[in-house]
Amino acid sequence: MLETVTPMKTVESRDNASEPARKADAENRGRKASKEVRQLQLIEATIDSLAKRGYAETTMADVADGAGLSRGIVNFHFESKEKLLVATLQYMYDEYSAHWRAALQKAGDDPARQLQALVWADFDRSICNKRKLAAWCAFWGEAKSRPTYQALSSSRDAYYQQVFVDLCATLKQSGGYAYEPQVMALALSAMLEGLWLRLMMGTEDTTRETALQAANAFLAAAFPKHYG
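In this text the structure is predicted, and so the values were computed from the model without any measurement. Throughout, residues of each chain are indexed from 1 in the direction in which the sequence is written. Side-chain atom pairs in this predicted model are given and counted only at pLDDT of 80 or more, local residue features only at pLDDT of at least 70, and totals for whole chains, interfaces and linings cover all residues. Side-chain calculation: all heavy atoms of the structure are included, whereas hydrogens and water are not.

S.K.: What is the right way to look at the side chain of Gln 114 in this model?
M.R.: To qualify as a helix, a DSSP run of H or I must reach at least 4 residues; to qualify as a strand, a run of E must reach at least 2; elements of each kind are numbered from the N terminus. With respect to the helices and strands, Gln 114 occurs in helix H5 (residues 111–121). Looking at Gln 114, the relative accessible area reads 15%, which means it is buried. Residues count as neighbours in contact if any of their non-hydrogen atoms are within 4.5 Å of one another. Every residue in contact with Gln 114, bar those within four places of it in the chain, is listed here: Leu 104, Ala 107, Gly 108, Asp 109 and Leu 167. Burial classes: relative accessible area under 20% of the type maximum marks a residue as buried, over 50% as exposed, and values in between as partly exposed (1.4 Å probe, protein chains only).

Below, the structure is given as structure tokens:
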């Protein structure tokens, strides 16, 4: 007697046939996730090394040891120290950009609150801490002689600066101030960068709290009709 294949058995056969494909997809996703995780581990270890040793003294071996990975894995993912450092700088700019954009969006439509939110965001602990400030300082020290760093920085900084210019222009119109928006935006950016530099240098009278107080005092002096 011939055995009759039931519909249920046909479905089971199709399921069994597709099982290797599902496993292959899962393995591919796992490898992709593992690659992203490994790269992030190495980037974070690079930030640690920059903060601890500086730019020139950071090596691929230091990064591998800091991440708890083999040196071959560092070479596999980034091939050279320069590529690793470029990826690290890109990561730090992406993180900083996402941070200030989120603060700007959270502030709503009021331009005075938006400008204040951008200033306050610069002193948030997740962004403004000794480890990351030291890494930024290491990159800034090398930017002048490295076109790749300059190109990466200039495009991001130009857009960020234009946001300040636009906000200063709006506040000038609503407050009847006499300043030029571009000049005021430049002064505001220089003030924030100067406070970051003092924090990087570990000046005794400068902490995140006193730096934020100084920034608030600048806002009150520059925009008295908007900030008490």
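Having seen the structure, we can now continue with the description.
S.K.: So what exactly am I meant to see when it comes to the pattern of salt bridges here?
M.R.: Opposite charge on two side chains permits them to pair, given that their charged atoms come into close proximity. The rule for a salt bridge is simple: a side-chain nitrogen of Lys or Arg has to be within 4 Å of a carboxyl oxygen of Asp or Glu. All chains considered together, the criterion is met by eight salt bridges. A salt bridge links Arg 131 to Asp 48; the nearest nitrogen and oxygen atoms lie 2.4 Å apart. A residue pair is termed long-range when its members are at least 10 positions apart, and Arg 131 in helix H6 (residues 130–143) and Asp 48 in helix H1 (residues 7–53) qualify at 83 residues. Accessibility expressed as a relative area gives 39% for Asp 48, which makes it partly exposed. The salt bridge partner of Glu 95 is Lys 132, with a shortest N-O separation of 2.8 Å. Taken together, the positions of Glu 95 in helix H4 (residues 81–106) and Lys 132 in helix H6 put the pair 37 residues apart, joining distant regions of the chain. Overall, Lys 132 belongs to the buried group, its relative accessible area being 11%. Salt bridges here are not isolated pairs; linked through shared partners, they connect Glu 44, Asp 48 and Arg 131.

S.K.: Can you help me understand the packing of aromatic side chains in this one?
M.R.: The way to describe two aromatic rings as a pair is by their centre distance and the angle between their planes. Between the rings of Phe, Tyr and Trp (Trp by its six-membered ring), a pair exists once the centres lie within 6.5 Å; its type follows the angle of the planes, with under 30 degrees stacked, over 60 edge-to-face, and the other angles tilted. Under the counting rule described, the total for this entry stands at twelve aromatic pairs. With a centroid separation of 6.4 Å and 75 degrees between ring planes, the pair formed by Tyr 55 and Phe 139 is classed as edge-to-face. One end of the pair, Tyr 55, is in the loop between H1 and helix H2 (60–67); the other, Phe 139, is in helix H6, with 84 residues separating them in the sequence. Taking the relative accessible area as the measure of exposure, Tyr 55 reaches 9% and is therefore buried. Measuring from ring centre to ring centre gives 6.4 Å for Tyr 96 and Trp 136, while their planes differ by 75 degrees; the resulting arrangement is edge-to-face. In this pair, Tyr 96 is assigned in helix H4 and Trp 136 in helix H6, connecting sequence segments 40 residues apart. Given the relative accessible area of 12%, Tyr 96 is considered buried. Here Trp 136 falls in the buried class, since its relative accessible area comes to 5%. A connected cluster of aromatic rings, assembled from ring pairs, spans Tyr 93, Tyr 96, Trp 100, Trp 136, Tyr 159, Tyr 160, Phe 164 and Trp 196.

S.K.: Please explain the layout of surface pockets as it appears in this structure.
M.R.: In the cavity and pocket records, a cavity denotes points on a 1 Å grid over the protein atoms alone where a 1.4 Å probe fits but cannot get out, a pocket denotes an open set with protein on both sides within 12 Å along at least 5 of 7 lines, and lining residues are residues with an atom within 4 Å of a point. Grid points are joined across faces, edges and corners, and a volume is the space filled by probe spheres set on the points. Within this model, the largest pocket holds a volume of roughly 450 Å³. Of all the secondary-structure elements, those providing two or more residues to the lining of the largest pocket are H4, H6, helix H7 (147–175) and helix H8 (181–201). Here the lining of the largest pocket takes eight residues from H7, the largest share from any one element. Of the residues in the lining of the largest pocket, the class split is ten nonpolar, five polar and five charged. What lines the second largest pocket is simply Arg 125, Cys 128, Asn 129, Lys 130, Leu 133, Leu 199, Gly 202, Thr 203, Thr 206, Thr 207, Arg 208 and Glu 209. Mapped by element, the contributors of at least two residues to the lining of the second largest pocket are H6 and helix H9 (208–222). Its residues assigned to classes, the lining of the second largest pocket shows three nonpolar, five polar and four charged. Polar here means any residue other than Ala, Val, Leu, Ile, Met, Phe, Trp, Tyr, Cys and Pro, which are nonpolar, and Asp, Glu, Lys and Arg, which are charged; Gly is therefore polar.

S.K.: When you look at the packing of H8 against H9 in this model, what are you seeing that I'm missing?
M.R.: When two helices pack together, their arrangement is given by the angle between the helix axes and by the axis-to-axis distance. Lines fitted to the C-alpha atoms define the axes, with helices restricted to the stretch that makes contact. Angles between their N-to-C directions range from 0 to 180 degrees. Packing of H8 against H9 brings their axes to within 10 Å, and their N-to-C directions diverge by 165 degrees. Relative to H9, the element H8 is oriented roughly antiparallel. For the element pair H8 and H9, the recorded crossing hand is right-handed. Seen from H8, the contacting residues are Met 184, Ala 187, Leu 188, Met 191, Leu 192, Leu 195 and Leu 199; seen from H9, they are Arg 208, Ala 211, Ala 214, Ala 215, Phe 218, Leu 219 and Ala 222. Residue composition of the contact of H8 with H9, by class: 13 nonpolar, no polar and one charged. An angle below 35 degrees is treated as roughly parallel, one above 145 as roughly antiparallel, one from 65 to 115 as roughly perpendicular, and anything else as oblique. Should the near helix be turned counterclockwise from the far one by less than a right angle, the crossing is left-handed, whereas a clockwise turn marks it as right-handed.

S.K.: I would appreciate a short explanation of H8 in the present structure.
M.R.: Residues three or four positions apart in an α-helix share a direction because the helix packs 3.6 residues into each turn. Its 21 residues place the ends of H8 30 Å apart at the C-alpha level, agreeing with the 30 Å of an ideal helix rising 1.5 Å per residue. Looking at H8, one finds that the buried residues are Pro 181, Met 184, Ala 185, Leu 188, Ser 189, Met 191, Leu 192, Leu 195, Trp 196, Leu 199 and Met 200. Two residues or fewer after H8 comes Gly 202, characterised by a positive phi angle close to 70 degrees. Multiplying one less than the number of residues by 1.5 Å gives the expected span of a helix.

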